[in-house]
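# Structural features, examined
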Amino acid sequence: MGELVAIGFWLVLVVVGYFFGRAAEAKHYASIHSREKTWLHLPSTSLKTLLDPARPVERSELVYGNVVVSIDYFKQAVLGLRSFIGGAVTSHETLIDRARREAVLRLKESCPNAHEIVNLRLEAMSISGKRPGSVTSVEVLAYGTAIYFAK
């Protein structure tokens, strides 16, 4: 009887995690899409050179943006099953995508008057849970050089 209660409790958590996780993810993606439209005017590139090298540069500065995104209970359960049977963990691809895009947006928001961002780099780190090998969150750091052209 106790085993059935434990399995039922786990299933309830997975189902609740699925619905609340999907809702939170959809809300975050909506925020990302609207903010990306706002920052289309600020180009960013991984190149070390300027997009318009003929323009004189007034100043430059190191800028960064970082974010920590946690994994919902449903994705944690899928990860456990996937690690048991093997294969690609596609449920985590949206987590990494959201974290990466959010970090770049925060970088751009930190330098609103810049004309372009060059040498953009991304670093990703996993934050482990209490169990060895468990991942509960992902941190992404975006950094680069903000360029301000002379007027």
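Data block above holds the structure.
Below: a short report on this structure. (Residues numbered from 1 in each chain as written. Predicted model: local features only at pLDDT ≥ 70, side-chain atom pairs only at ≥ 80, totals over all residues. Heavy atoms only, no water.)

### Remarks on the overall build of the protein
Here is the rule we go by: Each helix is a run of H or I in the DSSP string that is no shorter than four residues. Each strand is a run of E no shorter than two, and both are numbered from the N terminus. Burial classes follow relative accessibility: with a 1.4 Å probe on protein chains only, a residue under 20% of its type's maximum area counts as buried, one over 50% as exposed, and anything between as partly exposed. Contacts were defined at the residue level, with two residues in contact if any of their heavy atoms lie within 4.5 Å.
Across its full length, the protein holds 3 helices and 3 strands. Overall, the protein shows an N-to-C arrangement of helices and strands of α-β-α-α-β-β. For the protein, the residues scored as buried account for 31% of the 151 residues in total. Nonlocal contacts in the protein, meaning residues at least 24 apart in sequence, comprise 78% of its contacts between residues at least 6 apart.

### Some points on the pattern of salt bridges
Once the charged atoms of two side chains with opposite charge are near each other, the side chains can pair. Going by this rule: Note on definitions: salt bridges are taken to be side-chain nitrogens of Lys or Arg within 4 Å of carboxyl oxygens of Asp or Glu.
Applying the stated criterion across every chain yields a total of 8 salt bridges. Linking E61 and R59 is a salt bridge whose minimum nitrogen-to-oxygen distance equals 3.6 Å. Given a relative accessible area of 27%, E61 falls into the partly exposed group. As a salt-bridge pair, D97 and R100 come within 3.5 Å of each other at their nearest N and O atoms. One end of the pair, D97, and the other, R100, are both in helix α3 (residues 93–109), 3 residues apart, so they sit about a helical turn from each other. What you see here is one network of salt bridges that share partners, running through R35, E102, R106 and E109.

### A look at the packing of aromatic side chains
Stated formally: Whether two aromatic rings pair depends on their centres lying within 6.5 Å, for rings of Phe, Tyr and Trp, where Trp uses its six-membered ring; planes under 30 degrees apart make the pair stacked, over 60 edge-to-face, and the rest tilted. Note on criteria: charge over ring means Lys NZ or Arg CZ within 6 Å of the ring centre, with the direction from the centre no more than 35 degrees off the ring normal.
Applying the stated criterion to the full structure yields 0 aromatic pairs. Taking the ring centre of Y148 as reference, the NZ or CZ of R59 above it sits at 3.9 Å.

### Regarding α3
For clarity, the cut-off: How far a helix is expected to stretch is found by multiplying one less than its residue total by 1.5 Å.
If you check α3, its first and last C-alpha atoms are 24 Å apart, about what 17 residues at 1.5 Å a residue would give, namely 24 Å. For α3, every residue scored as buried is listed here: L95, D97, R98, A99, E102, A103, V104, L105, L107 and K108.

### Regarding the nonpolar core
Short version of the rule: Only buried residues count toward a nonpolar core. Its members are Ala, Val, Leu, Ile, Met, Phe, Trp, Tyr and Cys residues joined through side-chain atoms within 4.5 Å.
With 22 residues, the main nonpolar core has C111, I117 and A146 as its most contacted residues. Those elements that place two or more of their residues in this core are β1 (57–70), α3, β2 (116–128) and β3 (135–149). Sort the elements by how many residues they give to this core and α3 lands first, with 6 residues. If near-sequence neighbours (up to four positions away) are discounted, I117 is found in contact with L42, P43, S44, T45, V63, L107, C111, G144, T145 and A146.

### So, helix α1 (residues 2–38)
Helix length check: α1, at 37 residues, gives a terminal C-alpha distance of 54 Å against a target of 54 Å (1.5 Å per residue), a fit within 8%. Of the positions making up α1, those classed as buried are V14, G17, G21, E25, H28, Y29, I32 and R35.

### As for the side chain of T45
Within the secondary structure layout, T45 lies in the loop between α1 and β1. Other than its neighbours up to four places away in sequence, T45 contacts L51, I117, V118, N119 and L120.

### A word on the packing of α1 against α3
Keep this limit in mind: Angular values range over 0 to 180 degrees, each being the angle between N-to-C directions of two axes fitted as lines to C-alpha atoms, with helices fitted over their stretch in contact. Crossing handedness: left-handed means the near helix sits turned counterclockwise from the far one by under a right angle, and right-handed means the same turn made clockwise.
Relative orientation of the contacting elements α1 and α3 amounts to 35 degrees, with a least axis distance of 10 Å. For the crossing formed where α1 meets α3, the hand is left-handed. Note on element contacts: α3 touches α1 through T94, D97, R98, R101, E102, L105, R106 and E109, opposite E25, H28, Y29, I32, H33, R35 and E36.

### Overview of the environment of G21
On the secondary structure map, G21 appears in helix α1. Taking C-alpha positions, G21 is 8.5 Å from I71, a pair spaced 50 residues apart along the chain.

### Notes on a nonpolar patch on the surface
Keep this limit in mind: Exposure above 30% relative accessible area and the lack of any salt bridge qualify a residue for a patch; like charges then connect within 9 Å, and the nonpolar side chains Val, Leu, Ile, Met, Phe, Trp and Tyr within 5 Å. Working definition of accessibility: Shrake-Rupley area with a 1.4 Å probe, residue cover restricted to the visible protein chains.
Side chains of I7, W10 and L11 sit close together on the surface and give an oily, nonpolar patch of about 300 Å² of accessible area. Mapped onto the elements, W10 comes out in helix α1. Taking the relative accessible area as the measure of exposure, W10 reaches 39% and is therefore partly exposed.

Keep in mind these values describe shape, not function.
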